[in-house]
Number of protein chains: 2
Amino acid sequence: MKGIRRLAQHLNISIGTVSRALNGKPDVNEDTRRRVLAAAVELGYMPNQAGRALRRGSTSVIGLMIETSPETAANSDNFVVGLMDGLQSVLARHELDLIVLPCSSDEDPGNYLQRIVGRRLVDGMILTSTQHRDTRVDFLARSKIPFISLGRSDAGDTHPWIDLDFEGVANRAVDRLVTQSHHRIAITIPPTDINLGYVFLDAYKAALERHGLPFDPELVIRAKTSEQGGYLAADQMLNMPERPTAVMLIYELMAIGFYRRLSEASLQAGTDIAVVGFRESPQSRFLSPTLTCFRLSLRDLGIAVAESLLATMPEYQAQYPLGEVHMIWPMELVEGESDALPTAAPT
Amino acid sequence: MKGIRRLAQHLNISIGTVSRALNGKPDVNEDTRRRVLAAAVELGYMPNQAGRALRRGSTSVIGLMIETSPETAANSDNFVVGLMDGLQSVLARHELDLIVLPCSSDEDPGNYLQRIVGRRLVDGMILTSTQHRDTRVDFLARSKIPFISLGRSDAGDTHPWIDLDFEGVANRAVDRLVTQSHHRIAITIPPTDINLGYVFLDAYKAALERHGLPFDPELVIRAKTSEQGGYLAADQMLNMPERPTAVMLIYELMAIGFYRRLSEASLQAGTDIAVVGFRESPQSRFLSPTLTCFRLSLRDLGIAVAESLLATMPEYQAQYPLGEVHMIWPMELVEGESDALPTAAPT
DNA sequence: CTGAAAGCGCTTACAG
DNA sequence: CTGAAAGCGCTTACAG
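Residue numbers here run from 1 along each chain, matching the order of that chain's written sequence. Chain letters start at A and ligand numbers start at 1, both assigned in the order the entries are written. Local features are withheld for residues below a pLDDT of 70 in this predicted model, meaning they are given only at 70 or higher, and side-chain atom pairs are given and counted only at 80 or more; totals for whole chains, interfaces and linings count all residues. As a convention, hydrogens and water are excluded, and side-chain values are obtained from all of the structure's heavy atoms.

- As named in an unreviewed UniProt entry, chain A is LacI family DNA-binding transcriptional regulator, taken from Devosia rhodophyticola.

Digging into the interface of chain A and chain B
Step number 1: With 56 residues of chain A at the contact, the number on the chain B side is 56 residues.
Step number 2: Defined here as a combined quantity, buried area equals the accessible surface (1.4 Å probe) lost by two parts on assembly, summed across both. At the boundary of chain A with chain B, total buried surface from both sides reaches about 4500 Å², with 57% on carbon and sulfur atoms.
Step number 3: The three residues of chain A that bury the most area against chain B are Arg119, Arg260 and Phe286 of chain A, which together make up 17% of that side's buried surface.
Step number 4: Basic side-chain nitrogens of Lys or Arg form a salt bridge, by our definition, when they fall within 4 Å of a carboxyl oxygen of Asp or Glu. In this structure, the connection of chain A to chain B is made through 6 salt bridges.
Step number 5: We note a salt bridge from Arg115 of chain A to Asp97 of chain B, for which the minimum N-O separation is 2.2 Å.
Step number 6: We define a polar contact as two N or O atoms separated by no more than 3.5 Å, with the added condition that, inside protein, one atom must be a possible hydrogen donor and the other a possible acceptor, whereas residues neighbouring each other in sequence contribute only through side-chain atom pairs. At the boundary of chain A and chain B, one finds 25 residue pairs in polar contact (both at pLDDT 80 or more).
Step number 7: Secondary structure elements follow DSSP: runs of H or I no shorter than four residues count as helices, runs of E no shorter than two count as strands, and numbering proceeds from the N terminus. Per-element tally for the side of chain A that touches chain B: the top contributor is helix H5 (residues 70–91) of chain A, with 10 residues.
Step number 8: Taken together, the residues that form the side of chain A that touches chain B break down as 26 nonpolar, 18 polar and 12 charged. Only heavy atoms matter for contacts: two residues are in contact if any of them lie within 4.5 Å across the pair. Polar here means any residue outside two lists: the nonpolar Ala, Val, Leu, Ile, Met, Phe, Trp, Tyr, Cys and Pro, and the charged Asp, Glu, Lys and Arg; Gly therefore counts as polar.

Concerning the packing of aromatic side chains
Step number 1: The rule is short: rings of Phe, Tyr and Trp, with Trp giving its six-membered ring, pair when the centres are within 6.5 Å, and they are stacked under 30 degrees, edge-to-face over 60, tilted in between. Here the structure, examined in full by the defined rule, presents 10 aromatic pairs over all chains.
Step number 2: Residues Phe200 of chain A and Phe278 of chain A carry aromatic rings whose centres are separated by 6.4 Å and whose planes lie at 75° to one another, so their mutual orientation is edge-to-face. With Phe200 of chain A in helix H9 (residues 195–210) and Phe278 of chain A in strand S9 (residues 274–279), this pair connects stretches of sequence that are 78 residues apart.
Step number 3: Type-normalised accessible area, obtained with a 1.4 Å probe on protein chains alone, sets the label of each residue: buried when under 20%, exposed when over 50%, and partly exposed for intermediate values. By relative accessible area, Phe200 of chain A is classed as buried at 1%.
Step number 4: For Phe278 of chain A, a relative accessible area of 5% gives the class buried.
Step number 5: Seen from their ring centres, Tyr204 of chain B and Phe215 of chain B are 6.2 Å apart, and the 75° between their planes marks the pair as edge-to-face. Highlighted residues: Tyr204 of chain B in helix H9 (residues 195–210) and Phe215 of chain B in the loop between H9 and strand S7 (220–222), separated in sequence by 11 residues.
Step number 6: The buried category is assigned to Tyr204 of chain B, whose relative accessible area is 0%.
Step number 7: With a relative accessible area of 35%, Phe215 of chain B lands in the partly exposed category.

Section: the sheet that holds S9 of chain A
In a beta sheet, neighbouring strands are held together by backbone hydrogen bonds and run either parallel or antiparallel to one another.
Residue and element names in this part refer to chain A.
Step number 1: Two strands qualify as a pair provided DSSP detects at least 2 bridges between them. With mixed pairing, 6 strands are arranged side by side in an open sheet as S7-S6-S8-S9-S10-S12. The open sheet terminates on both sides in strands that have one partner only, identified here as strand S7 (220–222) and strand S12 (332–334). Geometrically, the sheet is characterised by an average inter-axis angle of 20° between neighbouring strands, direction not taken into account.
Step number 2: Direction of pairing for strand S8 (residues 246–248) relative to S9: parallel, over a ladder of 3 bridges. The partner of Val247 across the bridge, within S9, is Val275. A fitted line through C-alpha atoms represents every axis, and for helices the fit uses only the stretch in contact; the resulting angles, taken between N-to-C directions, go from 0 to 180 degrees.

Observations regarding the UniProt feature "domain: HTH lacI-type" (unreviewed entry) in chain A
Step number 1: UniProt positions are given in the numbering used here, feature names are shortened, and annotations may be inferred rather than shown by experiment. Here the UniProt feature "domain: HTH lacI-type" (unreviewed entry) sits at residues 2–56 of chain A.
Step number 2: Taken end to end, residues 2–56 of chain A is 71% helix and 0% strand, and its two terminal C-alpha atoms sit 20 Å from one another.

A word on the nonpolar core
Step number 1: Among the buried residues, those of types Ala, Val, Leu, Ile, Met, Phe, Trp, Tyr and Cys that are joined through side-chain atoms within 4.5 Å form a nonpolar core. Ranked by size, the top nonpolar core spans 176 residues in total, and within it Met248 and Leu301 of chain A together with Tyr204, Met248 and Leu301 of chain B carry the most contacts.
Step number 2: Listed in part, the 38 residues of the second largest apolar core include Met65 and Tyr112 of chain A together with Leu140 and Ile145 of chain B.

Notes on the protein's contact with DNA strand C
Step number 1: Whether a residue is near a molecule or strand depends on its heavy atoms: if one lies within 4 Å, it is near. What surrounds DNA strand C is a group of 27 residues, the closest being Ser19 and Arg55 of chain A together with Arg20, Thr32 and Arg55 of chain B.
Step number 2: For DNA strand C, the backbone makes up 57% of the atoms found within 4 Å of the protein, where backbone means sugar plus phosphate.
Step number 3: Within the backbone of Asn48 of chain A, an N or O atom sits 3.2 Å from a phosphate oxygen of DNA strand C.
Step number 4: In the model, a phosphate oxygen of DNA strand C is placed 2.7 Å from a nitrogen or oxygen of the Thr32 of chain B side chain.

Details of the relation of the copies chain A and chain B
Step number 1: Superposition of the copies used a least-squares fit over C-alpha atoms from residues whose pLDDT is at least 70 in both. The two copies are related by a screw operation: chain A maps onto chain B through 180° of rotation and 0.0 Å of translation along the axis, at an RMSD of 0.0 Å. Considering both components of the superposition, the chain copies are consistent with a two-fold axis.
Step number 2: The fraction of interface residues of chain A whose copies in chain B are also interface residues reaches 100%, indicating that both copies meet through the same surface.

Digging into the sheet that holds strand S8 (residues 246–248) of chain B
Residues and elements named next belong to chain B.
Step number 1: On the basis of which strands lie adjacent, the open sheet formed by 6 strands has the order S7-S6-S8-S9-S10-S12 and mixed pairing. Lying at the two open borders of the sheet, with one neighbouring strand each, are S7 and strand S12 (332–334). Pairwise comparison of adjacent strand axes, ignoring direction, gives a mean angle of 20° for this sheet.
Step number 2: Relative to strand S10 (residues 292–295), strand S9 (residues 274–279) is paired through 2 bridges, and the arrangement is parallel. Across the sheet, Arg279 pairs through a bridge with Phe294, a residue of S10.

Re the pairing of strand S2 (residues 97–103) of chain B
Residues and elements named next belong to chain B.
Step number 1: Burial of S2 is extensive: 7 of the 7 residues sit out of reach of the surface.
Step number 2: A two-sided burial pattern is seen for S2, the buried positions comprising Asp97, Ile99, Leu101 and Cys103 on one face and Leu98, Val100 and Pro102 on the other.
Step number 3: Here strand S1 (residues 61–67) runs beside S2; their pairing, made up of 7 bridges, is parallel. Following the sheet pairing, Leu64 is matched in S2 by Val100.

Quick look at the protein's contact with DNA strand D
Step number 1: Taken together, 27 residues sit near DNA strand D, with Thr32 and Arg55 of chain A together with Ile4, Ser19 and Arg55 of chain B positioned nearest.
Step number 2: At the protein interface, 57% of the atoms of DNA strand D within 4 Å belong to sugar or phosphate.
Step number 3: One nitrogen or oxygen atom from the main chain of Ile4 of chain B is found 2.8 Å from a phosphate oxygen belonging to DNA strand D.
Step number 4: At 2.7 Å, a side-chain N or O of Ser19 of chain B approaches a phosphate oxygen of DNA strand D.
Step number 5: Sorting the residues of the surface near DNA strand D by element identifies helix H2 (15–22) and helix H4 (49–56) of chain A together with helix H1 (3–11), helix H2 (15–22) and helix H4 (49–56) of chain B as the ones contributing at least two each.
Step number 6: Of the residues assigned to the surface near DNA strand D, the class counts are 9 nonpolar, 10 polar and 8 charged.

With respect to the domain arrangement of chain A
Residue and element names in this part refer to chain A.
Step number 1: In this document the domain limits rely on a domain assignment from an automatic tool or a database. Split into domains, chain A comes out as domain 1 (3–47), domain 2 (61–164 + 297–329) and domain 3 (166–296).
Step number 2: The interface is formed by 19 residues belonging to domain 2 together with 14 residues belonging to domain 3.
Step number 3: Carbon and sulfur atoms make up 54% of the area that domain 2 and domain 3 hide from each other, which totals about 1400 Å².
Step number 4: Taken together, the connections running from domain 2 to domain 3 amount to 1 salt bridge.
Step number 5: The salt bridge partner of Glu167 is Arg152, with a shortest N-O separation of 2.8 Å.

Laid out in structure tokens, this is it:
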């Protein structure tokens, strides 16, 4: 005898009553409920997930899909782990559990997701590393499972998403650099099909145009979003016939490699070339020079993502009347030393 | 009509035969099997996890528990994400899925684990951030669920574990520094009860003793395993009346903050103070000066962890006859510039 | 080789 | 307020 049956036998009542007591149903004698709850703790009873999910038709589990290929591992994980606490703080209100679903580099993300969703492992999904053309989005929309993506895709506003304010970042970075008299401003974008690369590039072009600056495709450097990518980006820039005087890095960790390459050329960020990073991180504050970048609260973002997901789930949408969320998450400029040119470069 | 029933109806055969065909049972007509497999793909059928798990009594899911408090998030995640690909490469052989179970900072890790295991969400568990006195280990041992911990605990060899070679690292680091004529060698250890702090400290003491150097408790600096922790550790060292000439940092990211504080004092690692980091990471290679540290393959470690876990599971142990694994994972010295003192300090 | 049936551990209408 | 029973979607002895 095990599970709820054992508990019921121990108390000498039916399993139905035990279940009702445990699940907080109203029509249970208060004394019975107390006895059941006490016995559950005493015997360490936990309802079997499979039995419960099968009967209920839902799992009370929300999945967060990440990719674990060595490249993405190096970047996005810090970001994603930072989100989790915020996500869980919302989900915990409703006794929903968060599980992270890592798609290995051996498996196609689309297939992986199909397996997870097809098996009904989760009630809702959160996607990360959204691609420009992302088949996962189409699949989830077709399969009617509640989901939200962290990042837009070319599917536009046909599904819930929250994305970082790449436009704002590009605008303010370019404004700031132009004010410092820079007019050859490079950017790095990821070499993959991740959507943020597209968004950032467009925003950069628009910002240049606003300032009447020409767009030079040579100044768009495709580089891995890693320390090494930063190193190689710096290398590429140093070898340009007409060297840019400023650069915007799309990932904060790239700054470490970028700085390294500069130092090998006896150059320094801030003094010899202006560098603006993307997301503020512990690293950015302790690098020398400190990195000018943009701040956001990962916890608050996690909370917003979770609430926006719940807003699409029938059982919870009354509590989160947000509709289908399409949201740009603001980021705040943090001034560092990396673009503080003491004397503005002459135009 | 849905699930396996729909598939069976579509093919006009019984659900039993469908199940047997899908699960590769031998007593199925090959033609029938082909038709079933084709129809499953066509209709996008995936067996419902709850139904399958309930019937089988096992989930085919392995859990990897991590902690998502802001502090641990900053460190261990890079490490853990790096493991995942190796873990999955082994688990995939047996159609086992890896899920990551993040314990939020609001919840007690022991309670969290009890909930997960009690609900039978997974067939086996991998623990990380093993504490010196780790109640999770005791709980898992009592509940008879297969598990392995990444890191030893004070429970000793009563359960499977794989741990990094802190002893070897401490030995080689001290040897190397002593050869460079250092005799005041500091170390940092985490301010928490995580077991690696204990192991590292013991190994450090033993290494000093081997060289006939006195142990000075003042040289053991408790510092957060973060950039900021590194910064504060450097600060503390600089203010010591008798300043250490070398330091071993227990986490690689601490070097960034450590370097920053040195640069604020117009000092440099390698020239003014020898720094040895712990695990090699992309950062360590791109810092200036590059960090002397120790290399390991996270993928291979992940493979070893997964295989050692399977070795404890009845269905798989014949394929992985490793017994109960207690394993120290070797690490290889990577020479950097951070402890390359051009002129040895006089004794 | 295939089908009919039992049963995994729950939750929840339904009777009483 | 409680109990007995049905049934969620599977897998697997058991018959044939």
